[in-house]
Structure formats: structure tokens, C-alpha cells
Amino acid sequence: MDIPDWFDWIFLGLAVFQAADLVPIIRRRRGLDSAVRSKARLDLWETVGSLLLSAACH
């Protein structure tokens, strides 16, 4: 069973939104406060893991 072409475009759009989410996280990783950097590290792992999982399921 093939996946319809429009589903690929939806997936691509969602992947772009998730990738755009990386910009503020990376900026927080460069901050001076260690608590903020630690939280940003967890957010970074979550976002990258989510991107990889959605790519693997596609």
C-alpha cells in the first residue's frame, strides 16, 4: 500500500517546523546560566529524537 503524495508534503512541513524549533534551543545552550543550559540540553535531545523517530516511521 503506497502512501499518498500529499502525506509527504504534510510530513515535510511538520519536519520543517520541528527543525525551526532547534534555533531557540541552541541559543539557550549558549547562555550563561547553567540551569538554563541543562534544560536546553534536554529539550535538544527531545527535539532531535522526535525528528529521528518521525523520519524512521515515515
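Residues numbered from 1 in each chain as written. Predicted model: local features only at pLDDT ≥ 70, side-chain atom pairs only at ≥ 80, totals over all residues. Heavy atoms only, no water.

## What to know about the environment of Leu-44
- Residue placement: Leu-44 occurs in helix H3 (residues 34-57).
- The sequence separation of Leu-44 and Val-23 amounts to 21 residues, and the corresponding C-alpha distance is 9.8 Å. (Helix = DSSP H or I, 4+ residues; strand = E, 2+ residues; numbered from the N terminus.)

## Considering the confidence of the model for the chain
- For the chain, mean pLDDT is 87; residues scoring 70 or higher make up 95% of the total.
- Taken element by element, the predicted model of the chain shows its lowest mean pLDDT in helix H1 (residues 5-20) (86) and its highest in helix H2 (residues 22-29) (91). (pLDDT = per-residue confidence, 0-100.)

## Observations concerning the environment of Lys-39
- On the secondary structure map, Lys-39 appears in helix H3.
- According to the relative accessible area criterion, Lys-39 is partly exposed, its value standing at 45%.
- Separated by 14 residues in sequence, Lys-39 and Ile-25 place their C-alpha atoms 9.2 Å apart. (Buried < 20%, exposed > 50% of the residue type's maximum accessible area, 1.4 Å probe, protein only.)

## Looking at the environment of Arg-29
- Tracing the backbone through its elements, the reader meets Arg-29 in helix H2.
- The spatial distance from the C-alpha of Arg-29 to the C-alpha of Phe-17 is 19 Å, given a sequence separation of 12 residues.
- Every residue in contact with Arg-29, bar those within four places of it in the chain, is listed here: Arg-37, Ala-40, Arg-41 and Leu-44. (Contact = heavy atoms within 4.5 Å.)

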